[in-house]
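The residues making up each chain are set out below.
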Amino acid sequence: MERNKERAYEQALQVLPLSLRREALSLPPEDRGRAEELRLRCGQPLTAVLPEGERALGREPVTGRDLEQLLELASRASVHTVLTQLRRGYLTVEGGHRVGLCGSAVMREGEVCNLRQLSSAAVRIARSVVGAAEPVWDKLAGPDGALESTLVLAPPGAGKTTLLRDLIRMASDGVRGSPQRVGVADERGEVAALWNGRPQLPVGARTDVLEGCPKAQALMMLLRAMNPQILAADEITAPEDVHALVTAAGCGTALLATAHGREREDLSRRPLYRELMGAGVFRHLVYIHAEGGARRYEVEELP
Amino acid sequence: MIRLMGAVLIAFGAAWLGLGAAAELGERVKRLEALSAGLELLERELWERGSPLPEVMEQLSRRTQEPARTLFARCAQACGQLDREPLTDAWRGLVEELDGLGPESRAALLPLGEVLGRYEAQGQREALERARRALDRAQVRAEEEKNRLGRVYQILGVSGGGFLVILLL
């Protein structure tokens, strides 16, 4: 497991120019698995973000040219192919790692069409947690072993997407029952992290991913085109998402979704979630408690 | 007999030089034509298909004529070493090292290094169009030169050889 984490760190370094890559490799191996991000800021040395804070990795300040080269590496010298991602502020690279960029936005007809004079970048290291859903699976599966509609509720950073991804993987690969076809509306590319058409994070062999498309539209497209047995979407944020989920539930598809919430009461407090819960489309609610570095899952059966 | 053979060799040598110089003018036109056609294909691939630059370069290196073939093949190679050298620098080196280009053609190609792979498709298309127009202008001039000087070189070579033979004999 630790070696895999180290490998993920080393793979993420592939987007750095050679000189910065050497500096990044100065991080001791035992810390590489703990590094969450690499930060590049123009005029400042490269730093690694560790759970205890940022640590400088070199003495030489990062230059604008380094950042240009990083964008060139991340886009494989093809900025025109990643403009949609650039407009979102980040690119997904091989391995599912995410490169966030800042600089001066070039606007055309009110839309960001490119970034110039890059000022900083964050390379977020992707690490999937295979097995994260094991502790809750039995409580979420029906008598036939198939996953039932489930909503995951947790505050930001508690691991909602990690749990969702592993539930998708287990259902799709049939880890505890018959494999199921899963359709994923991955609007922000956080669940599967497609790269060259391939999911870079483990979402199972029978999973179809529609990335970069607004969730409500993506859910309907998946429903019509891919005949999924389970539909999954990360972070329900708009009334259209709720309507799409309700429609999908009406077609007999099981649903998997996540929602931001600091406590269980948020579901009855926020109008959007109230509507979602009122529709009665979910059978189970998983609430994630993040306590220190550990996570505790609380599963509730919904009426 | 030896004098006669020497005279024939000189005549052939001079004629060969003249014909070679005329052929070189024709080659220059062909090279410019191949480069312009290569850039047109590149523009189409980037604009109409939105393909990634390394893939396009790789494909075009198999579908184009020299010197576009070498330029695209070396650019595809450079795309695999972006961590060592940014494409802008690599492109400059490639264009400067490419054989058989005149200063005009180099000047037309060099600015592409600042744009290829770094701009949105529209920006790359405009830069490629500019480069193509410059190459096409150079091609028109090269053709005029070929028509004007090609025949002159041929005649000069043959008649110069004949003249030398008369002088020596």
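Rules behind the numbers
- Residues numbered from 1 in each chain as written.
- Chains lettered and ligands numbered in written order.
- Predicted model: local features only at pLDDT ≥ 70, side-chain atom pairs only at ≥ 80, totals over all residues.
- Helix = DSSP H or I, 4+ residues; strand = E, 2+ residues; numbered from the N terminus.
- Buried ≥ 20, exposed ≤ 12 C-beta atoms within 10 Å, placed from the backbone.
- Contact = placed C-beta atoms within 7 Å.
- Rg over C-alpha atoms; globule rule 2.2 N^0.38 Å.
- Arc of directions from axis to C-beta.
- Pairing = 2+ DSSP bridges.
- Axes fitted to C-alpha atoms, helices over the stretch in contact; angles between N-to-C directions.
- Nonpolar A, V, L, I, M, F, W, Y, C, P; charged D, E, K, R; others polar.
- Core = buried A, V, L, I, M, F, W, Y, C linked by C-beta atoms within 7 Å.
- Domains from an automatic or database assignment.
- Left-handed = near helix turned anticlockwise from the far one by under 90°.

Thoughts on the overall build of chain B
When helices and strands are counted, chain B shows six helices and zero strands. Taken from N to C terminus, the helices and strands of chain B fall in the order α-α-α-α-α-α. Relative to its full complement of 169 residues, chain B shows a buried share of 32%. Across chain B, contacts joining residues at least 24 apart in sequence account for 69% of those joining residues at least 6 apart.

Notes on the overall build of chain A
A tally of helices and strands in chain A yields 11 helices and 15 strands. Taking 2.2 N^0.38 as the reference for a compact globule, 303 residues should give roughly 19 Å; the C-alpha atoms of chain A span a radius of gyration of 20 Å, in line with that estimate. Dimensions along the principal axes, computed over C-alpha positions, put chain A at roughly 60 × 50 × 35 Å. By residue count, 43% of the 303 residues in chain A fall in the buried class. Within chain A, contacts between residues at least 6 apart in sequence are counted, and of these 60% link residues at least 24 apart.

Observations regarding helix α4 (residues 87-97) of chain B
Residues Leu87, Ala90, Trp91, Leu94 and Val95 of chain B constitute the buried set of α4 of chain B. Buried positions in α4 of chain B, seen along its axis, are confined to an arc of 130° and lie on one side of it. Exposed side of α4 of chain B, more than 90 degrees from the buried face: Glu96 and Glu97 of chain B are the residues found there. Structurally, α4 of chain B contributes buried residues whose contacts are with α4 (64-74) of chain A together with α3 (68-79) and α5 (103-109) of chain B.

With respect to the sheet that holds strand β11 (residues 207-211) of chain A
All names here are of chain A. Spatially, β11-β8-β12-β13-β7-β14-β15 is the arrangement adopted by the seven strands of the open sheet, whose pairing is mixed. Of all the strands in the sheet, just β11 and β15 (294-301) have a single pairing partner and so form its edges. Strand after strand, the sheet turns through a mean of 20° between neighbouring axes, direction not considered. Across four bridges, the pairing between strand β8 (residues 182-186) and strand β12 (residues 230-233) is parallel. Bridged to Ala185 within β12 is Ala233.

Re the interface of chain B and chain A
Counting residues at the interface gives 17 residues for chain B, matched by 16 residues for chain A. Counting only elements with at least two residues in the side of chain B that touches chain A, the list comes to α2 (53-63) and α6 (121-168) of chain B. Among the residues forming the side of chain B that touches chain A, the class breakdown is 10 nonpolar, three polar and four charged.

Some remarks on the nonpolar core
In this structure, Leu167, Ile168, Val184, Leu219, Ala232, Leu255 and Ala257 of chain A are the most contacted members of the largest nonpolar core, which totals 53 residues. Apart from residues no more than four positions distant in its own chain, Leu219 of chain A is found in contact with Ala185, Leu231, Ala233, Ala244, Leu245 and Ala248 of chain A. Val56, Leu60, Ala68 and Ala90 of chain B belong to the second-largest nonpolar core, a separate cluster that totals 33 residues.

Re unusual backbone geometry
Geometrically, the link from Glu66 of chain B to Pro67 of chain B is a cis peptide bond, its omega value of 5° lying close to zero. Even without being glycine, Glu235 of chain A reaches a positive phi, approximately 60°. Mapped onto the fold, Glu235 of chain A is located in the loop between β12 and α9 (239-250).

A word on the domain arrangement of chain A
All names here are of chain A. Domain annotation for chain A reports domain 1 (2-124) and domain 2 (134-301). On a C-alpha basis, the centroid separation for the pair domain 1 and domain 2 is 29 Å. If you look at the interface, domain 1 gives six residues, while domain 2 gives six residues. Grouping the constituent residues of the side of domain 1 that touches domain 2 by class yields one nonpolar, four polar and one charged.

Thoughts on the pairing of strand β14 (residues 284-291) of chain A
A regular strand carries its side chains on alternate faces of the sheet. Residues and elements named next belong to chain A. Direction of pairing for strand β7 (residues 150-154) relative to β14: parallel, over a ladder of four bridges. Looking at the pairing, Thr150 lines up with His284 of β14. Here eight bridges tie β14 to β15, and the two strands are oriented antiparallel to one another. Residue pairing for β15: His289 is matched across the bridge by Arg296.

Considerations on the packing of α2 of chain B against α3 of chain B
Relative orientation and spacing of two packed helices are given, respectively, by the angle between their axes and the distance between those axes. Residues and elements named next belong to chain B. As a packed pair, α2 and α3 sit with axes 8 Å apart at the nearest point and diverge in direction by 145°. Helix-helix and strand crossings are classified by hand; for α2 and α3 the assignment is left-handed. Contact with α2, carried on its side by Leu53, Pro54, Met57, Glu58, Leu60 and Ser61, involves Arg69, Phe72, Ala73, Cys75, Ala76 and Cys79 of α3 and no other residues of that element. When its residues are assigned to classes, the contact of α2 with α3 shows nine nonpolar, one polar and two charged.

Description of the pairing of β8 of chain A
Most of β8 of chain A is tucked away, with five of its five residues classed as buried. Side chains of β8 of chain A alternate between two faces, with Val182, Val184 and Asp186 of chain A and Gly183 and Ala185 of chain A buried alike.

Some points on the environment of Asp166 of chain A
Residues and elements named next belong to chain A. By secondary structure assignment, the location of Asp166 is in helix α7 (residues 160-173). Considering only alpha carbons, one finds Asp166 and Ser19, 147 residues apart in sequence, at a separation of 36 Å. Not counting chain neighbours up to four residues away, the residues in contact with Asp166 comprise Val129, Val130, Gly131, Ala132 and Ala133.

A few points about the sheet that holds strand β2 (residues 45-50) of chain A
Residues and elements named next belong to chain A. On the basis of which strands lie adjacent, the open sheet formed by six strands has the order β3-β2-β1-β6-β5-β4 and antiparallel pairing. Both edges of this open sheet fall to β3 (53-61) and β4 (90-92), since each of them pairs with a single strand only. Averaged over all neighbouring strand pairs, the angle between strand axes comes to 35°, with direction disregarded. In this sheet, strand β6 (residues 111-124) lies alongside strand β5 (residues 98-108) in antiparallel orientation, the contact comprising 10 bridges. Following the sheet pairing, Val106 is matched in β6 by Asn114. Against the sheet, α4 makes contact with β1 (37-41), β4, β5 and β6, and its axis sits at roughly 100° relative to β6, the strand it touches most.

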